[in-house]
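Per-entry structural report
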Amino acid sequence: MAEGVCKTEEDEGPSTEESPSFHGVGVCKWFNVRMGFGFLSMTNREGVPLDEPVDVFVHQSKLHMEGFRSLKEGEAVEFTFKKSSKGLESQRVTGPGGVHCVGSERRPKGKKVQKRRSKGDRCYNCGGLDHHAKECKLPPQPKKCHFCQSIEHMVANCPVKAQQSSPGSQGKPSSVKGDEEEHSHGALPPKASD
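Residues numbered from 1 in each chain as written. Predicted model: local features only at pLDDT ≥ 70, side-chain atom pairs only at ≥ 80, totals over all residues. Heavy atoms only, no water.

**Considering the overall build of the protein chain**
In terms of helices and strands, the protein chain carries 4 helices and 5 strands. Walking the protein chain from its N terminus toward its C terminus, one meets helices and strands in the order α-β-β-β-β-β-α-α-α. Here the contacts in the protein chain between residues at least 6 apart in sequence split such that 45% fall between residues at least 24 apart. Counting every atom, the protein chain has about 14,400 Å² of accessible surface; 53% of that belongs to carbon and sulfur. (Helix = DSSP H or I, 4+ residues; strand = E, 2+ residues; numbered from the N terminus. Contact = heavy atoms within 4.5 Å. Areas by Shrake-Rupley, 256 points an atom, 1.4 Å probe, with all protein chains shown as cover.)

**As for the side chain of Ser 70**
With respect to the element layout, Ser 70 can be found in the loop between β3 (48–59) and β4 (76–84). Of note is the side chain of Ser 70, whose polar atom sits 3.0 Å from the backbone nitrogen of Ser 104. What Ser 70 contacts, discounting residues up to four positions off in sequence, is Phe 31, Val 33, Leu 63, Met 65, Gly 103, Ser 104 and Arg 107. (Polar contact = N/O pair within 3.5 Å; in protein donor to acceptor, adjacent residues only side chain to side chain.)

**Brief notes about the UniProt feature "domain: CCHC-type" (unreviewed entry) in the protein chain**
Listed under "domain: CCHC-type" (unreviewed entry) in the UniProt record, and renumbered for this structure, are residues 122–137. Split by type, residues 122–137 is 0% helix and 0% strand. Its first and last C-alpha atoms lie 14 Å apart. (UniProt positions renumbered as here; feature names shortened; annotations may be inferred.)

**Let's talk about the packing of aromatic side chains**
Using the criterion set out here, one finds 6 aromatic pairs in the structure. Taking 5.7 Å as the distance between ring centres and 40 degrees as the angle between the ring planes, the aromatic pair formed by Phe 22 and Phe 81 counts as tilted. Here Phe 22, found in strand β1 (residues 21–32), pairs with Phe 81, found in strand β4; they are 59 residues apart in sequence, far enough to count as distant. Residue Phe 22 is classed as buried on the basis of its relative accessible area, which comes to 8%. With a centroid separation of 5.7 Å and 50 degrees between ring planes, the pair formed by Trp 30 and Phe 39 is classed as tilted. (Phe/Tyr/Trp six-rings, centres within 6.5 Å; stacked < 30°, edge-to-face > 60°. Buried < 20%, exposed > 50% of the residue type's maximum accessible area, 1.4 Å probe, protein only.)

The structure is reproduced here in structure tokens:
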């Protein structure tokens with residue numbers, strides 16, 4: 001009985017697990033360039049104008065275009081779509097007449113975040129920014145704390161980090177000057193004063 005409900009006049013051939021494809025025409029209702037999806041507003045199905053527009057899901061992977069794939073709000077599109085358990089989903093989206101989609105001028109924000117992350121991409125052996133440890137020209141260096149650069153301990157056991165992150169310290173180390181020198185004697189050269 002469920003098969004008869006799903007069948008439409010456009011269906012030809014025996015019923016299969018996969019739902020048939022249909023052709024639609026409409027415009028982009030909205031598209032989130034950061035997430036890479038949106039909805040189309042279908043105004044024409046299989047050449048027949050619709051009384052009310054119908055929403056069709058669109059993912060950036062289904063867009064026919066070069067480079068960064070997105071849609072501009074209100075952009076005219078043609079598409080093939082199918083019915084799924086989630087609703088109507090586009091399978092291939094083009095501009096009118098099968099040309100490439102125009103796309104949005106907007107680009108996802110967050111490129112700056114990726115650039116900031118790349119600063120931490122450095123050699124674990126010497127700390128250089130221009131190469132990784134497997135390409136390092138120096139012999140293996142002693143391991144040291146990533147927080148205070150001491151060779152006496154690792155970051156998990158760093159007393160300087162523990163003091164700075166304690167609730168009462170408010171970001172200021174509460175140690176005595178001699179205590180700090182003891183923990184970081186391997187990282188900085190001794191001062192030539194006194």
